Amino acid sequence: MKNLIFKIFRWIAGMIGVTVAASCDSVDDLISAPEYGVPYAAFEVKCKVVDSVTGNPVKGVEMTPGFTYSNGNMSGFQQIGLSSEISDGVFEIAGHQNIGADYNKLEVKLTDKDPATDGHYKDTVYVISLEKIKDADSGWCEGTYAADVTVEAEQAE
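From a predicted model like this one, the values you see are computed outputs, not experimental measurements. (Residues numbered from 1 in each chain as written. Predicted model: local features only at pLDDT ≥ 70, side-chain atom pairs only at ≥ 80, totals over all residues. Heavy atoms only, no water.)

1. Digging into the confidence of the model for the protein chain
For the protein chain, mean pLDDT is 85; residues scoring 70 or higher make up 87% of the total. The secondary-structure element of the protein chain with the lowest mean pLDDT is helix H1 (residues 2-22), recorded at 70, while strand E7 (residues 124-129) shows the highest, at 96. (pLDDT = per-residue confidence, 0-100. Helix = DSSP H or I, 4+ residues; strand = E, 2+ residues; numbered from the N terminus.)

2. Here's the deal with a nonpolar patch on the surface
A surface patch of nonpolar side chains, amounting to about 850 Å² of accessible area, comprises Met 1, Leu 4, Ile 5, Ile 8, Trp 11, Ile 12, Met 15 and Ile 16. Along the chain, the position of Ile 8 falls in helix H1. A residue is classified by how much of its surface remains accessible, and Ile 8, at 42% relative accessible area, is partly exposed. (Patch = residues over 30% accessible without salt bridge, like charges linked within 9 Å, V, L, I, M, F, W, Y side chains within 5 Å. Areas by Shrake-Rupley, 256 points an atom, 1.4 Å probe, with all protein chains shown as cover. Salt bridge = Lys/Arg side-chain N within 4 Å of Asp/Glu carboxyl O. Buried < 20%, exposed > 50% of the residue type's maximum accessible area, 1.4 Å probe, protein only.)

3. Description of the layout of surface pockets
If you add up the space inside the largest pocket, you get close to 210 Å³. Lining the largest pocket are 14 residues, and of these Gly 66, Phe 67, Ile 80, Gln 97 and Ala 101 lie nearest its centre. Put simply, the parts of the chain that give the lining of the largest pocket at least two residues each are strand E2 (61-71), strand E5 (90-98) and strand E6 (105-112). Split into classes, the residues belonging to the lining of the largest pocket amount to 6 nonpolar, 5 polar and 3 charged. (1 Å grid on protein atoms, 1.4 Å probe; cavity = no way out; pocket = protein on both sides within 12 Å on 5 of 7 lines; lining within 4 Å. Points joined across faces, edges and corners; volume = space filled by probe spheres on them. Nonpolar A, V, L, I, M, F, W, Y, C, P; charged D, E, K, R; others polar.)

4. Digging into the pattern of salt bridges
Per the stated rule, a full pass over the model turns up 3 salt bridges. In this structure, Asp 88 engages Lys 59 in a salt bridge whose closest nitrogen and oxygen atoms are separated by 3.7 Å. Of this pair, Asp 88 sits in the loop between strand E4 (81-87) and E5 while Lys 59 is found in the loop between strand E1 (40-51) and E2, placing the two residues 29 residues apart along the sequence. Take Asp 88: its relative accessible area is 45%, and that puts it in the partly exposed class. Lys 59 gets classed as partly exposed once you look at its relative accessible area, which sits at 38%. Close ionic contact of Lys 132 with Asp 135 constitutes a salt bridge, the shortest N to O distance being 3.4 Å.

Shown next, in the form of structure tokens:
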């Protein structure tokens, strides 16, 4: 009796498999999509931060790529990439922006990590203009955008 039930279930499973395969228009329908995600664009920015009065490189600050948002009584800044300081006041910033963003612009927030050392600078959001430097190879990527900029940091009062 047990073997009979297993044979019936195997026959039903086989018929379901044949029905599913027969419902496809072509062999391509049997193969799943090659990738999942949303369109995005990569960005690469080299940013030099100087004091707005002296023009000297600013030390002890952090540059964070992202975007500002406001929704009802909530607002803030959302990080979308990473930055690293490669020398005094010079940062390399990289990441990607998802669909809905203006790929020709990037917001970068300056934050003074240690106000007691090297002067105290205002937390400021800068809008950096980007230019497309590379077209997309394939997939969801819309290309790579870049900039090489200098921003002036203002001392906090």
